Amino acid sequence: MKQPPGFVDSAFPSHMCRLHKSIYGLKHAPRASYTHLNDFLLSIGFQASKVDTSLFIFSVGADICYLLVYVDDILLAGSNSLLLQSLIQLLRSKFKLRDLGIVHYFLGIAIKPTSMGLML
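These figures come from a predicted structure and were not determined experimentally.

Participant: Mind showing me how you'd approach the overall build of the chain here?
Facilitator: For the chain, the count of helices and strands is 2 helices and 8 strands. Along the chain, from the amino end to the carboxyl end, the secondary structure elements read α-β-β-β-β-α-β-β-β-β. Residues classed as buried in the chain amount to 18% of the 120 residues present. Counting every atom, the chain has about 9900 Å² of accessible surface; 61% of that belongs to carbon and sulfur.

Here it is, written out as structure tokens:
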């Protein structure tokens, strides 16, 4: 393991860290769960973003949905509420899922619905 570029400390050529608590309460390997989710999303028609590995895009005709993954949170947004509900049901059929409804906060960003859409 090497120190990341820009963070190299010549006084400490190598560092060792001990994780005292599982990050965000995950009980299984995050990489394995991401791979499982990634494979499932691709199998139902989502396309992985070339720019951001946590963003998936699903489009049918003029309707489009975006699915953003952060650790164990998923943000799903789209242009058609019926399409969103069917995607939620597909996700629920494969994963243990709790629908929290309309988003109010995501990654510390407050989100407020307005007559013109969502305001961050």
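Participant: Explain helix H2 (residues 81-94) to me, please; I cannot follow it from the model alone.
Facilitator: Residues spaced three or four apart along an α-helix point in a common direction, a consequence of the helix completing one turn every 3.6 residues. Its 14 residues place the ends of H2 20 Å apart at the C-alpha level, agreeing with the 20 Å of an ideal helix rising 1.5 Å per residue. Those residues of H2 not exposed but buried are Leu 83, Leu 84, Leu 87, Ile 88 and Leu 91. Along H2, the residues classed as buried sweep out an arc of 140 degrees about the axis, all on the same side. Set apart from the buried face of H2 by more than 90 degrees, the exposed residues are Leu 82 and Ser 93.

The rules behind the values
Residues numbered from 1 in each chain as written. Predicted model: local features only at pLDDT ≥ 70, side-chain atom pairs only at ≥ 80, totals over all residues. Heavy atoms only, no water. Helix = DSSP H or I, 4+ residues; strand = E, 2+ residues; numbered from the N terminus. Buried < 20%, exposed > 50% of the residue type's maximum accessible area, 1.4 Å probe, protein only. Areas by Shrake-Rupley, 256 points an atom, 1.4 Å probe, with all protein chains shown as cover. Expected span 1.5 Å × (residues − 1). Arc of directions from axis to C-beta.

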